[in-house]
Amino acid sequence: MKRRSVISLPAVALAAPHVAEAEARAAAGFEGPSVITGNLPVFYERLKDGLTFPLAWSRHRHHDFRSWKRRARAQFETLLCEPADHTPFRPEIIDEQPATGYRRRQLIFNVTRNSRVRATMLIPDGDGPFPAALLLHDHGARFDIGKEKLIEPWYDDTRRASAQAWADRYFSGRFVGDHLASRGYAVLAVDALGWGDRGGLTYEGQQALASNLYNLGSSPAGLMAREDARAAALLATLPEVDPRRIAAVGFSMGGYRAWQVAALSDHIAATVSACWMTGLKEMMVPGNNTLRGQSAFYMLHPGLYRHLDIPDVASLAAPRPMYLTDGELDPLFTPEGIAVAYTRMAEVWSSQRAGSRLRTLTWPGLGHIFTAEMQDDAFTWLGENL
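Please read all numbers here as calculations on a predicted model, not as lab measurements.

A. Inspection of the domain arrangement of the protein at higher detail. Partitioning the protein into domains gives domain 1 (14–50) and domain 2 (92–384). Relative placement of domain 1 and domain 2: their C-alpha centres are 37 Å apart. Taken together, the contacts link seven residues of domain 1 with six residues of domain 2. Across the interface of domain 1 and domain 2, roughly 570 Å² is buried in total on both sides, 55% from carbon and sulfur atoms. The interface formed by domain 1 and domain 2 contains two residue pairs in polar contact (both at pLDDT 80 or more).

Structure follows, in structure tokens:
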């Protein structure tokens, strides 16, 4: 009977971390373990190398830009797992209160054919129509408040306390929506599924929610994208709003949502996105927050990166004005990833002779935050470009 040869692994490899152990085993003729630190497959670098983003504008520069946008957006939309929705909004005002310089309003509307939700809105005093901002809240693993993170909840003392603490932590104590209203903007904020009025979600439950939505033919990210586009479309129908001057404004996951809705919706005329932009490959590195899963499902369209990189998707909004900003010390995104994305997007806007319409700014010494100084710079830019 023929004996099998046994290959001994070096003792140093046996004592080493998963990567070294996997490399040693591979050298010995087999792979194991295959899942390494950060829940990455040991061959993740090969997978990254296989992503060439064939639908990126840089690969289609010899084509017509509008044709490229139609093709790339169509591919993006096929991967949302959610079809376009044309359900009548049927908005209904349920509360309106005066404030200093503007009115506070609660309204309900059909955000999709399946969900009728409550939104909050601020409308400046005086004659409209006004420029408007669709406000897109962050994730933050804080689910009791959503829209309240951006518009002060005058209707609920408990949520007001939570929201003020959030504003103190991330926005220099400001409610971004109230500040924009004082600058003459009508603003609208809606809860994403899982937050505020639409709560019931926990951090640990996000993965189960995602898998259940996938099994039901939907996805957290696709649903959120469609709902944000619907909210933009609602704004364009309101008599107080100038439909040609609607901006998308968001921080963190809200920043992701801001450039995403600009890529999907022609109702968005300008974008302010704080603290969410990177190249995909530069984000998928050991230690990055994305590797934990959970919150990543709200920013994950399966199969998308076989076609387009993250900045390529945002570039579908070109040549409309866009402002992207982040802190130099943001722990969620590598400096390399931010630089790669900003450079790639600058090339797209410049190719359309619209380089001045794209502003990218990294703030030295700051982290994952949208301070009053950052807001003032962004909103001054917005006033000049909207």
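After presenting the structure, the write-up continues.
B. Structural context of the packing of aromatic side chains. A complete count under the given rule lists 18 aromatic pairs for this structure. Both rings, one in Trp57 and one in Trp68, keep their centres 5.5 Å apart while their planes meet at 55 degrees; by these two values the pair is tilted. You can see Trp57 sitting in the loop between helix H3 (44–49) and helix H4 (65–78) and its partner Trp68 sitting in helix H4, a full eleven residues away along the chain. In terms of burial, Trp57 and Trp68 fall into one category: buried. Ring centres 4.8 Å apart and planes at 65 degrees place the aromatic pair Tyr256 and Trp259 in the edge-to-face group. Highlighted residues: Tyr256 and Trp259, both in helix H9 (residues 253–264), separated by three residues, approximately one helical turn.

C. The packing of helix H8 (residues 220–237) against H9, seen in detail. Close contact between H8 and H9 brings their axes to 9 Å; oriented N to C, the two are set at 65 degrees. Looking at the two axes, H8 sits roughly perpendicular to H9. In the crossing of H8 with H9, the sense of the turn from one axis to the other is right-handed. Taken together, the residues of H9 that come into contact with H8 (itself represented by Ala221, Met224, Ala225, Asp228, Ala229 and Ala232) are Met253, Arg257, Gln260, Val261 and Leu264. Split by residue class, the contact of H8 with H9 holds eight nonpolar, one polar and two charged.

D. Just the sheet that holds strand E8 (residues 241–251), in detail. The nine strands lie next to each other as E3-E4-E5-E7-E6-E8-E9-E10-E11, forming an open sheet whose pairing is mixed. Taken across any chain shown, the strands that pair with only one partner, and hence form the sheet edges, are strand E3 (92–99) and strand E11 (358–363). Here the average twist between neighbouring strands, direction ignored, is 15 degrees. In the sheet, E8 pairs with strand E9 (residues 270–274) via five bridges, with the strands oriented parallel. Bridge pairing in E9 links Ala248 to Thr271.

E. Layout of the nonpolar core. Ranked by internal contacts, the top residues of the largest apolar core, which has 78 residues, are Met121, Leu188, Leu235, Trp259, Met277 and Met322. With residues near it in sequence (within four places) discarded, Met322 still touches Trp259, Ala262, Thr271, Ala314, Ala317, Met345, Trp349, Arg357, Leu358, Arg359 and Trp381. Among the nonpolar cores identified, the runner-up in size contains 37 residues, and Ala167, Tyr170, Tyr185 and Ala189 belong to it.

What counts, and where the lines are drawn
Residues numbered from 1 in each chain as written. Predicted model: local features only at pLDDT ≥ 70, side-chain atom pairs only at ≥ 80, totals over all residues. Heavy atoms only, no water. Domains from an automatic or database assignment. Contact = heavy atoms within 4.5 Å. Buried area = accessible area lost by both parts, 1.4 Å probe. Polar contact = N/O pair within 3.5 Å; in protein donor to acceptor, adjacent residues only side chain to side chain. Phe/Tyr/Trp six-rings, centres within 6.5 Å; stacked < 30°, edge-to-face > 60°. Helix = DSSP H or I, 4+ residues; strand = E, 2+ residues; numbered from the N terminus. Buried < 20%, exposed > 50% of the residue type's maximum accessible area, 1.4 Å probe, protein only. Axes fitted to C-alpha atoms, helices over the stretch in contact; angles between N-to-C directions. Parallel < 35°, antiparallel > 145°, perpendicular 65-115°, else oblique. Left-handed = near helix turned anticlockwise from the far one by under 90°. Nonpolar A, V, L, I, M, F, W, Y, C, P; charged D, E, K, R; others polar. Pairing = 2+ DSSP bridges. Core = buried A, V, L, I, M, F, W, Y, C linked by side-chain atoms within 4.5 Å.

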